[in-house]
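# Summary of structural features
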Amino acid sequence: MTEIEAWRQRRHESSESAFTRLSLLGASPIFRETLRVIERIADVDATVLIQGDTGTGKELAARALHYLSRRREFPFIPVNCGALPDNLLESELFGHERGAFTDAKSSSRGLVAQAEGGTLLLDEVEAMSPRAQVVLLRFLQDHTYRPVGGRQVANSDLRIVASSNIDLEGMVRRGEFRRDLLFRLSILNVTMPPLCERGRDVVLLAEHFLDRFATQYERSRKRLHARSIAWLLSHDWPGNIRELENLMLREFLLADGEVIRIGAAQLADAEADCARIDADETFKSAKARAIAEFEKNYLRHLLTEACGNVSLAARISQKDRSTLNKLVKKHGLASDRFRTGSPRNPR
Ligand SMILES: Nc1ncnc2c1ncn2[C@@H]1O[C@H](COP(=O)(O)OP(=O)(O)OP(=O)(O)O)[C@@H](O)[C@H]1O
Ligand SMILES: [Mg+2]
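On a predicted model such as this, the values are computed, not experimentally measured, just so you know.

Its volume calculated, the largest pocket comes out at about 530 Å³. Taken together, 27 residues line the largest pocket, and the ones lying closest to its centre are Gly-55, Gly-57, Lys-58, Leu-60 and Arg-242. When contributions to the lining of the largest pocket are tallied by element, the ones reaching two or more residues are α3 (58-67), β6 (159-164), α9 (201-216) and α11 (240-254). Both domains that furnish three or more residues to the lining of the largest pocket are identified here as domain 1 (3-193) and domain 2 (198-338).

If you want it as structure tokens, here you go:
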């Protein structure tokens with residue numbers, strides 16, 4: 001192995017362990033390619049724009065960029081751009097001197113100074129007001145700034161990473177985002193793939209979350225029913241990994257046994273229960289039990305399909321909404337247990 005190959009190998013191993021430490025998990029080719037890009041650009045100091053749908057792991061990717069860079073010993077400071085008020089923008093970013101404005105009882109370091117030496121993540125950069133965009137553009141030009149009420153111009157040494165879940169190019173075309181700012185931000189680019197394009201990563205991630213919850217809640221581990229796996233693979237995950245994480249937490253907390261049943265797995269149970277007839281049971285009670293079990297499992301399946309939306313469930317099942325509500329109550333099924341985001345295949 002040549003020296004450069006050995007160096008590459010060492011570097012790759014350190015990235016692998018950083019990705020694992022940050023729980024940035026996934027084995028699908030599309031995701032591995034994203035990790036390769038992160039690994040390659042982590043130590044380059046240029047500005048990075050991370051784009052991807054909601055919940056795809058943009059913030060984790062930004063952390064990975066930071067912890068793989070030479071700046072890792074310095075702070076990583078995330079800023080939610082949507083929450084920066086226009087009137088306090090410069091003060092939040094660049095800090096202020098004592099008495100700079102009415103409420104400035106003491107001087108304060110801004111976010112840029114807090115991130116000195118490290119990485120400043122401009123999260124949800126698409127939410128920046130036109131004025132904020134101008135302020136940021138000016139700062140990006142030479143990384144100098146002046147605290148509000150201060151005389152001295154300060155130099156900053158930090159790396160800027162921005163993230164957006166809206167296509168900024170489209171916003172530029174619609175006149176909602178400055179083109180010159182987009183150029184400055186997107187010197188390097190990372191695109192987080194949606195979960196539905198990541199194949200079996202959904203199963204790997206679901207199992208990772210179940211393991212994590214077992215440790216966190218000090219409960220026994222739970223596993224996925226084979227049909228739950230099929231369901232996970234068929235769902236389109238509009239809320240991506242965050243949606244999966246929330247669903248797994250709810251299923252983990254509510255599951256009776258050690259097997260997690262979602263979607264078709266619940267129906268499979270229903271079929272099995274309905275088929276079971278006790279030898280000494282009367283026809284009448286066996287029928288009543290089978291109907292009750294059928295109703296309960298039909299409703300579970302229906303509410304899963306409709307993501308807990310009773311009106312939609314009523315339309316799908318062609319039952320009257322209030323009758324359906326009564327049935328849901330009778331079987332002790334709270335419809336909000338089934339809320340996972342947007343309904344699957346609404347008909
Ligand atoms: N590859 C991954 N492996 C394990 N967990 C992940 C992965 N990517 C994201 N997560 C988890 O999913 C959740 C959402 O991730 P994150 O906050 O980074 O997404 P985001 O793209 O910034 O979301 P948003 O657009 O809503 O801000 C977090 O709890 C995060 O820990
Ligand atoms: Mg985020």
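We are not done yet, so read on.
Looking now at the nonpolar core. If you look at the biggest cluster of nonpolar residues, it comprises 33 residues, and the most contacted ones within it are Leu-120, Leu-122, Val-125, Leu-136, Ile-160, Phe-177 and Leu-185. Counting only elements with at least two residues in this core, the list comes to β2 (76-80), α4 (89-94), α5 (111-114), β3 (119-123), α6 (130-142), β6, α7 (168-173) and α8 (179-185). With six residues, α6 is the largest single contributor of residues to this core. Counting residues in hydrophobic clusters, the runner-up holds 23 residues, among them Leu-35, Phe-76, Leu-188 and Met-192.

Okay, the packing of α9 against α11 next. Between α9 and α11, the least distance of the axes is 9 Å, while the angle of their chain directions is 45 degrees. One element, α9, and the other, α11, form an angle in the oblique class. Every pair of crossing elements has a handedness; the one defined by α9 and α11 is right-handed. Seen from α9, the contacting residues are Val-202, Leu-205, Ala-206, Phe-209, Leu-210, Arg-212, Phe-213 and Ala-214; seen from α11, they are Ile-241, Leu-244, Glu-245, Met-248, Leu-249 and Phe-252. Among the residues forming the contact of α9 with α11, the class breakdown is 12 nonpolar, no polar and two charged.

Each domain of the protein chain was delimited in the assignment, giving domain 1 (3-193) and domain 2 (198-338). For domain 1 versus domain 2, the separation of C-alpha centres amounts to 40 Å. With 12 residues of domain 1 in contact, the opposing surface of domain 2 contributes 10 residues. Carbon and sulfur atoms supply 55% of the area buried between domain 1 and domain 2, which totals about 850 Å² over both sides. Three residues, Leu-25, Thr-54 and Gly-55, lead the burial of domain 1 against domain 2; their summed loss comes to 48% of the area buried on that side. At the junction of domain 1 and domain 2, the tally comes to zero salt bridges. For the interface between domain 1 and domain 2, the tally reads five residue pairs in polar contact (both at pLDDT 80 or more). Class assignment of the residues belonging to the side of domain 1 that touches domain 2 gives a composition of five nonpolar, six polar and one charged.

Among the secondary structure elements, Ser-28 is positioned in the loop between α1 (3-21) and α2 (29-41). Residues Ser-28 and Glu-197, spaced 169 residues apart in sequence, show a C-alpha to C-alpha distance of 8.8 Å. Sequence-distant contacts of Ser-28, that is, excluding residues within four places in its chain, are made with Arg-198 and Asp-201. Within the structure, Ser-28 has its side chain in polar contact with the side chain of Asp-201 (distance 2.7 Å).

What follows concerns the site of ligand 1. Residues in contact with ligand 1 amount to 17 residues; listed here are only the nearest, Ser-23, Leu-25, Lys-58, Arg-242 and Glu-245. Taking Leu-25, its main chain carries an N or O atom lying 2.9 Å from a nitrogen atom of ligand 1. In this structure, Thr-54 approaches ligand 1 through a side-chain N or O atom, which is 3.0 Å from an oxygen atom. In the complex, 85% of the free accessible area of ligand 1, which totals 630 Å², lies under the protein chains. Most atoms of ligand 1, that is more than half of them, are within 2 Å of grid points of the largest pocket. Listed by contribution, the elements that provide at least two residues to the shell around ligand 1 are α3, α9 and α11. Taken together, the residues of the shell around ligand 1 break down into seven nonpolar, six polar and four charged. Two domains share the shell around ligand 1, each providing at least three of its residues, namely domain 1 (3-193) and domain 2 (198-338).

Before going further, it helps to examine unusual backbone geometry. Even without being glycine, Glu-218 reaches a positive phi, approximately 50 degrees. In this structure, Glu-218 sits in the loop between α9 and β8 (223-224). Glu-218 sits in the exposed class, given a relative accessible area of 72%. The phi torsion at Asn-240 lies on the positive side, around 50 degrees, for a residue other than glycine. Assignment of secondary structure puts Asn-240 in helix α11. Judged by its relative accessible area of 2%, Asn-240 falls in the buried class.

This brings us to α6. Those residues of α6 not exposed but buried are Ala-132, Gln-133, Val-135, Leu-136, Leu-137, Phe-139 and Leu-140. Where α6 is buried, its residues meet α4, α5, β3, β4 (144-145), β6 and α8. Following α6 by one or two positions, His-143 has its phi on the positive side, about 60 degrees.

Procedures and definitions
- Residues numbered from 1 in each chain as written.
- Chains lettered and ligands numbered in written order.
- Predicted model: local features only at pLDDT ≥ 70, side-chain atom pairs only at ≥ 80, totals over all residues.
- Heavy atoms only, no water.
- 1 Å grid on protein atoms, 1.4 Å probe; cavity = no way out; pocket = protein on both sides within 12 Å on 5 of 7 lines; lining within 4 Å.
- Points joined across faces, edges and corners; volume = space filled by probe spheres on them.
- Helix = DSSP H or I, 4+ residues; strand = E, 2+ residues; numbered from the N terminus.
- Domains from an automatic or database assignment.
- Core = buried A, V, L, I, M, F, W, Y, C linked by side-chain atoms within 4.5 Å.
- Buried < 20%, exposed > 50% of the residue type's maximum accessible area, 1.4 Å probe, protein only.
- Axes fitted to C-alpha atoms, helices over the stretch in contact; angles between N-to-C directions.
- Parallel < 35°, antiparallel > 145°, perpendicular 65-115°, else oblique.
- Left-handed = near helix turned anticlockwise from the far one by under 90°.
- Contact = heavy atoms within 4.5 Å.
- Nonpolar A, V, L, I, M, F, W, Y, C, P; charged D, E, K, R; others polar.
- Buried area = accessible area lost by both parts, 1.4 Å probe.
- Salt bridge = Lys/Arg side-chain N within 4 Å of Asp/Glu carboxyl O.
- Polar contact = N/O pair within 3.5 Å; in protein donor to acceptor, adjacent residues only side chain to side chain.
- Near = heavy atom within 4 Å.
- Areas by Shrake-Rupley, 256 points an atom, 1.4 Å probe, with all protein chains shown as cover.
- Sits in = over half its atoms within 2 Å of the grid points.

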